[in-house]
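# Summary of structural features
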Amino acid sequence: MTEGVDRIPESAEGVVIGGGIIGVSTAYFLARRNIPVVLFEKGRIAGEQSSRNWGFVRQQGRAPEELPLIVESLRIWRGIETDIGDHVGFHQNGVLYTARDDDDVAAFEAFVDHAKEFQLGSRLLSTAELSALVPDMKESFRRAMAARSRALRSPRVGGQPSDSADASSPDGRSGASISSAAGLPVW
């Protein structure tokens, strides 16, 4: 038995190797479907590349074909803390992009048109609105694009670390075991 791991299930219908965003998401959604799953990670869960990203859950400026996926992603992020009963560092606080030239303005206008279909709340701001919003801004810009829907997930924030954890499905049945090698924290 690996140090720090209380138990490894004798059987599981799903085995996920790798505790990055893809592995953890796979285990989470299998557990939500009441499929017994075990997740193995050689080190710390989300301790490799998944811990070094900026954590943006960005809608603004995406290609139109990406918008349905990001809308669904935000829907999941908004409910995940309630679902798992712990704080994961998710915050939705908005974003402001500035336009320096006519090309930027044209790109923002095109995006806002695409974003309307998905009700992202993206809108163009005039120079006066931008100045009122950021009164001490040192540079001048042609326009700005704003949305309150941008979110951030801090990869370093989560529940209290432990050496192993159980995830429960929405109906309360145990659905997943999460184990980390070498007694490293799991969140």
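Notes on the structure in this doc start here. (Residues numbered from 1 in each chain as written. Predicted model: local features only at pLDDT ≥ 70, side-chain atom pairs only at ≥ 80, totals over all residues. Heavy atoms only, no water.)

### Looking at the nonpolar core
If you look at the biggest cluster of nonpolar residues, it comprises 19 residues, and the most contacted ones within it are Val-57, Trp-77, Phe-90, Phe-111 and Met-145. At the level of secondary structure, the elements contributing two or more residues to this core comprise helix 2 (67-84) and helix 3 (102-116). Core analysis: the second largest hydrophobic core is formed by seven residues, Ala-27, Val-37, Ile-45 and Ala-46 among them. (Core = buried A, V, L, I, M, F, W, Y, C linked by side-chain atoms within 4.5 Å. Buried < 20%, exposed > 50% of the residue type's maximum accessible area, 1.4 Å probe, protein only. Helix = DSSP H or I, 4+ residues; strand = E, 2+ residues; numbered from the N terminus.)

### A short note on helix 1 (residues 21-32)
In a regular helix each residue adds 1.5 Å, so twelve residues correspond to 16 Å; helix 1 covers 16 Å between its end C-alpha atoms and thus fits that length. Listed in full, the buried residues belonging to helix 1 are Gly-23, Ala-27, Tyr-28 and Ala-31. All buried residues of helix 1 fall inside an arc of 130 degrees around its axis, so they share one side. At the exit of helix 1 stands Asn-34, carrying a positive phi of roughly 60 degrees. (Expected span 1.5 Å × (residues − 1). Arc of directions from axis to C-beta.)

### Considering the sheet that holds strand 7 (residues 143-147)
Either a parallel or an antiparallel arrangement is found when strands of a sheet pair, and the pairing is made through backbone hydrogen bonds. Across the sheet, three strands lie side by side as 5-7-6; this open sheet has antiparallel pairing. This sheet does not close on itself; its edge strands, each paired only once, are strand 5 (95-99) and strand 6 (123-125). For this sheet the average axis-to-axis angle between neighbouring strands, irrespective of direction, equals 30 degrees. Of the strand pairs in this sheet, strand 6 and strand 7 are connected by three bridges, and their pairing is antiparallel. Along strand 7, the bridge assignment pairs Arg-123 with Ala-146. (Pairing = 2+ DSSP bridges. Axes fitted to C-alpha atoms, helices over the stretch in contact; angles between N-to-C directions.)

### Focus: the packing of helix 1 against helix 2
Helix 2 packs onto helix 1 with a crossing angle of 65 degrees between their chain directions and a minimal axis gap of 13 Å. Crossing handedness for the pair helix 1 and helix 2: left-handed. Contact residues: helix 1 offers Tyr-28, Phe-29 and Arg-32, while helix 2 offers Ile-76, Ile-80, Asp-83 and Ile-84. By residue class, the composition of the contact of helix 1 with helix 2 is five nonpolar, no polar and two charged. (Left-handed = near helix turned anticlockwise from the far one by under 90°. Contact = heavy atoms within 4.5 Å. Nonpolar A, V, L, I, M, F, W, Y, C, P; charged D, E, K, R; others polar.)

### A closer look at helix 3
Structurally, the α-helix is built with 3.6 residues per turn, so residues lying three or four positions apart point the same way. Compared with the 21 Å implied by 1.5 Å per residue over 15 residues, the 21 Å span of helix 3 between its first and last C-alpha is a close match. Within helix 3, the full set of buried residues consists of Val-105, Phe-108, Phe-111, Val-112 and Ala-115. On an axial view of helix 3, the arc spanned by its buried residues comes to 130 degrees, and they lie on one face. Across helix 3 from its buried face, at more than 90 degrees, point the exposed residues Asp-103 and Asp-113. At its buried positions, helix 3 is contacted by helix 2, strand 5, strand 6 and strand 7.

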